[in-house]
Amino acid sequence: MSDESLEKKSTSNLEKITRHIDQLPMLPGVLFQLMKLNSDDDEFYDHVYALAKTDPPLATFILGYANSAASSPNTPINSLQTALTRVGSQTIVDLITTLSVSKVFVPSLPEHKAIWKHSIETATIASFITKITHHHEVDPDLAYMCGLLHDIGRFVLFQFAPKALDETDAVGWAAPDELPLVEQKILGTSHAEIGYIACQKLHLPNVVSSVARHHHNYNICRNNKAPKTFRELVLIIQFADFLSVMAIKVPDWKQLKTNELKTYINNHCIMKSWGDHKLPIDMIAEALPMLIDKSDKLAESLGV
């Protein structure tokens, strides 16, 4: 296909998908209030509690989750304050974020649920990385949000262009860096560009939109024109993306010993363009089974 034909195909597909994106329901207002909160603030719990007291759906969700099998209380919890204390304010914010987006992009088929599982894994791993490294200023909550929504373009595809998504997966790709190349051949565009448009439509923060757009740009970490914190954030999302895809594409990875897993991660989950990345590979190799299990439980509690 010529460059001109590819450009026309890209424009046509983007226009069709954009028209569908305009039909997306808005995310609940309480989510944006929660997103503005700083989990490091001493009053974070009080702010979440105050929001829950004025938002019946949020209060209902918190009480329901606190009494669910996922939380496993010994006695029924009837107090919103007790429920928040038991579950944890940050856990509630993570759950609400994931649930809110899942209601916009409802996963039904197994392959669609797999995309959701991958998104939750990426979010969980990215948040963990920011908490155990100290050479950057990336906020763990922001890393979780960006990890959860980095593939929002794929959510759009499975909702509005499932055949294109299925065709992409049928061609096959083994690692995240291969996916946009396959999409370009089939769609003439990528889920990263589609995701950027969706983020703007949903009025998500600019940094979330930008991560969705650039999470396959593996040279951005060397682009000094981009803010340092943003470059570090994208790098963390990219690494978490690779780790989650590895966990999905390599079924027997859990059989590897920690040193063997570390070697595999170095050989298959690190891009040369990252240079001196300072990523905590030793700690990740040790913690990855726990992080994947944690993600699986979260996905299961949300029906994904």
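Scoring rules and cut-offs
Residues numbered from 1 in each chain as written. Predicted model: local features only at pLDDT ≥ 70, side-chain atom pairs only at ≥ 80, totals over all residues. Heavy atoms only, no water. Helix = DSSP H or I, 4+ residues; strand = E, 2+ residues; numbered from the N terminus. Buried < 20%, exposed > 50% of the residue type's maximum accessible area, 1.4 Å probe, protein only. Contact = heavy atoms within 4.5 Å. Areas by Shrake-Rupley, 256 points an atom, 1.4 Å probe, with all protein chains shown as cover. Axes fitted to C-alpha atoms, helices over the stretch in contact; angles between N-to-C directions. Parallel < 35°, antiparallel > 145°, perpendicular 65-115°, else oblique. Left-handed = near helix turned anticlockwise from the far one by under 90°. Nonpolar A, V, L, I, M, F, W, Y, C, P; charged D, E, K, R; others polar. Core = buried A, V, L, I, M, F, W, Y, C linked by side-chain atoms within 4.5 Å. Phe/Tyr/Trp six-rings, centres within 6.5 Å; stacked < 30°, edge-to-face > 60°. pLDDT = per-residue confidence, 0-100. Expected span 1.5 Å × (residues − 1).

## Some details on the overall build of the chain
Scanning the chain from N- to C-terminus turns up 16 helices and zero strands. For the chain, with 304 residues in total, the buried portion stands at 52%. When contacts within the chain are restricted to residue pairs at least 6 apart in sequence, long-range pairs at least 24 apart make up 68% of them. Of the accessible surface of the chain, which amounts to about 14700 Å², a share of 51% is contributed by carbon and sulfur atoms.

## Overview of the packing of helix α14 (residues 228-249) against helix α15 (residues 258-268)
Their axes nearest at 11 Å, the elements α14 and α15 cross at an angle of 120°. When the axis of α14 is compared with that of α15, the two are oblique. The handedness of the crossing between α14 and α15 comes out as right-handed. Note on element contacts: α15 touches α14 through Leu-261, Tyr-264, Ile-265 and His-268, opposite Phe-239, Phe-242, Leu-243 and Met-246. When the residues that make up the contact of α14 with α15 are grouped by side-chain class, the tally is seven nonpolar, one polar and no charged.

## Examining the nonpolar core
Ile-125, Ile-152, Phe-239, Ile-265, Trp-274 and Ile-284 are the most contacted members of the largest nonpolar core, which totals 96 residues. Excluding residues within four positions of it along the chain, Phe-239 makes contact with Ile-129, Ile-265, Cys-269, Ile-270, Trp-274, Leu-279, Ile-281 and Ile-284.

## A closer look at the packing of aromatic side chains
Ring pairs (aromatic) are described by centroid distance and by the angle formed between their planes. On inspection of all chains with the given rule, the structure shows five aromatic pairs. Consider the rings of Tyr-45 and Tyr-49, whose centres lie 6.2 Å apart with planes at 15°: the pair is stacked. Here the residue Tyr-45 and the residue Tyr-49 both occupy positions in helix α3 (residues 44-54), the gap between them amounting to four residues, near one helical turn. Given a relative accessible area of 23%, Tyr-45 falls into the partly exposed group. When the centroid spacing of 6.3 Å and the interplanar angle of 85° are considered together, the rings of Phe-239 and Trp-274 count as edge-to-face.

## As for the confidence of the model for the chain
A residue-level look at the chain finds 84% of positions with pLDDT of 70 or above and a mean pLDDT of 82. The lowest-confidence element of the chain is helix α1 (residues 3-21), averaging 63 in pLDDT; the highest-confidence one is α15, averaging 96.

## As for α14
Residues three or four positions apart in an α-helix share a direction because the helix packs 3.6 residues into each turn. Taking 1.5 Å per residue, 22 residues should reach 32 Å; α14 reaches 32 Å between its end C-alpha atoms and fits that length. The element α14 is largely enclosed, with a buried count of 18 among its 22 residues.

## What about the environment of Arg-213?
Relative to the helices and strands, Arg-213 is located in helix α13 (residues 206-214). For Arg-213, a relative accessible area of 32% puts it in the partly exposed group. Taking the C-alpha atoms as reference points, Arg-213 and Ile-152, 61 residues apart in sequence, are found 9.8 Å from one another.

## What about the environment of Glu-193?
Here Glu-193 is to be found in helix α12 (residues 191-201). Through-space distance from the C-alpha of Glu-193 to that of Ser-210 is 9.8 Å; in sequence the pair is 17 residues apart.

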